[in-house]
Amino acid sequence: MKREAIREFFRRLHEANPEPKTELEYASAYQLLVAVVLSAQATDRSVNLATRKLFAAAPTPEAMVSLGEDGVAEHIKTIGLFRNKAKNTVALSRLLLERHAGEVPADREALEALPGVGRKTANVVLNTVFRQPAMAVDTHIFRLANRTGLAPGKDVVEVEKALLRRVPKDFLLDTHHWLILHGRYVCTARKPRCGECCVRDLCLYRDKTA
């Protein structure tokens, strides 16, 4: 996709949704961090159902450590891999208290040093909370970037770097949310809803649906 088409691509996404937001529910940087860790291989909806009760019981790192692994697991047992996620949630909460006075660091290296926090999770937090131009590439964004010709790449890191390089700077901070929502509801995996797509004419996908 050419530069001018990419700019128009994001101009239209911006016009359709000027202030895109994550669908995860949270009330603090810490709660977003936990929610993103829990969202691995789970839907945002299932995570929200679990964290409403979890965050009511343990809204802070101190409270989460006090709740303990069994207590966390009881609240999130409807989510896949819940026992391992409970272990990571308590462990990362403890490290936040020990290393960062209970605050979520605005630093990639420090975030990725926390249990259960990988590159994608760190990027979500850096972008959503700290408004850094970080690009979290999940399965939706990876598919969309390759399918449309927006930023092709053989793996998520390659797509991430291509997006950071190709997306106009004035659209970069909201790109993650626009693409994940577009991939989730319009440019879906099995049968993309091309007839409802506002960037259909810019997209390079050859097998567009009616």
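In what follows, the structure referred to is the one given above.
In what follows, the accompanying structure is described.

Thresholds, definitions, all that
All chains use their own residue numbering, which begins from 1 and follows the written sequence. Owing to the predicted nature of the model, reporting of local features is limited to residues with pLDDT of at least 70; listing and counting of side-chain atom pairs is limited to 80 or more, with chain, interface and lining totals taken over all residues. Side-chain measures here rest on the full set of heavy atoms in the structure, leaving out hydrogens and waters. Any pair of cysteine sulfurs within 2.5 Å is marked as a disulfide. We call a residue buried when its accessible area falls under 20% of the maximum for its residue type, exposed when it is over 50%, and partly exposed in between, using a 1.4 Å probe and counting protein chains only. Here a pair means two rings of Phe, Tyr or Trp (six-membered ring of Trp) with centres within 6.5 Å. Their orientation is stacked below 30 degrees between planes, edge-to-face above 60, and tilted elsewhere. Charge-over-ring contacts are defined here by two conditions on Lys NZ or Arg CZ: a distance within 6 Å of the ring centre and an angle within 35 degrees of the ring normal.

Moving on: the state of the cysteines. In this structure the tally under the stated criterion is 0 disulfides. Not part of a disulfide, C187 finds its nearest cysteine sulfur in C203, a span of 6.2 Å. Given a relative accessible area of 7%, C187 falls into the buried group. C203 supplies the cysteine sulfur nearest to C194, a cysteine that is in no disulfide, at a spacing of 6.4 Å. On the basis of relative accessibility, which here comes to 8%, the residue C194 falls in the buried class.

As a further point, take the packing of aromatic side chains. Applying the stated criterion across every chain, the model contains 4 aromatic pairs. Seen in terms of ring centroids, F171 and W178 are 6.1 Å apart; in terms of plane orientation they differ by 65 degrees. Their pairing is edge-to-face. The buried category is assigned to W178, whose relative accessible area is 4%. Site record: aromatic cluster; members linked through ring pairs are F9, F10, F171 and W178. The lysine or arginine in question, R147, covers the ring of Y205, its NZ or CZ lying 5.0 Å from the ring centre.

Any functional reading would require information beyond the geometric quantities listed.
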